Amino acid sequence: MWDTTGDGTSWLTALKADGSHLITHARRTDHDGHWLLTVPGLDASLAITRRELPGSPGAYTGACQVTGACAGEEIDGHGYTDVIGY
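Scope of this entry: the structure provided in the associated data block. Predicted model, so just to flag it, every value in this text is computed and none were measured.

1. Examining the nonpolar core
Formed by Leu12, Ala14, Ala26, Trp35, Leu37, Val39, Ala44, Leu46, Ile48, Cys64, Val66 and Val83, the largest nonpolar core amounts to 12 residues. Where this core is concerned, the elements lending two or more residues are strand 1 (9-15), strand 3 (34-39), strand 4 (44-50) and strand 5 (59-70). When sequence neighbours within four positions are dropped, the list of residues in contact with Leu12 reads Met1, Trp2, Leu22, Ile23, Thr24, Ala26, Leu37, Val39 and Leu42.

2. Some remarks on unusual backbone geometry
You will see that Asp43, though not glycine, has its phi angle at about 50°, which is positive. Mapped onto the elements, Asp43 comes out in the loop between strand 3 and strand 4. Owing to a relative accessible area of 53%, Asp43 belongs among the exposed residues under this scheme. One non-glycine residue, Ala71, adopts positive backbone phi at about 55°.

3. With respect to the environment of Ala44
Assignment of secondary structure puts Ala44 in strand 4. For Ala44, a relative accessible area of 7% translates into the label buried. Distance from Ala44 to Gly68, taken between C-alpha atoms, is 7.5 Å for residues 24 residues apart in sequence.

4. Describing the side chain of Thr24
Residue placement: Thr24 occurs in strand 2 (residues 21-31). Beyond its immediate sequence surroundings of up to four residues, Thr24 is in contact with Ser10, Trp11, Leu12, Val39 and Gly41.

5. Structural notes on the environment of Thr38
Its place among the elements puts Thr38 in strand 3. Of the residues examined, Thr38 reaches a relative accessible area of 38% and is grouped as partly exposed. When the C-alpha positions of Thr38 and Arg28 are compared, they lie 6.6 Å apart, and in sequence the two are 10 residues distant. Look past the residues within four positions of Thr38 in its chain and what remains in contact with it is Ala26, Arg27 and Ala44.

Cut-offs used in this document
Residues numbered from 1 in each chain as written. Predicted model: local features only at pLDDT ≥ 70, side-chain atom pairs only at ≥ 80, totals over all residues. Heavy atoms only, no water. Core = buried A, V, L, I, M, F, W, Y, C linked by side-chain atoms within 4.5 Å. Buried < 20%, exposed > 50% of the residue type's maximum accessible area, 1.4 Å probe, protein only. Helix = DSSP H or I, 4+ residues; strand = E, 2+ residues; numbered from the N terminus. Contact = heavy atoms within 4.5 Å.

Structure (C-alpha cells):
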C-alpha cells in the first residue's frame, strides 16, 4: 500500500492466487494509534496496529499486526511497515 498525498487516499498492490497483481484504490484513516484500511476492490476492511519505535519521530519501520475481513473471510496476520513523514 502506498499513500503519496498524505490525506489517506491510498493505492494497494495485491498478489492474486494466479500470480498476477491487482492495483486498486484504498482508503487509510488513523484511529486510536492504528490505521483502518478500506479496500473496496478486495471487499476488505483491515485494522493495522504498529509499534512506535522510541527516538524515531516522523518515521516508523517495523512489524505490524493486521486483523479484519477480506471477501467475507476473517483474517489475522502480520506485516512490515515503512512510513516516513507521518
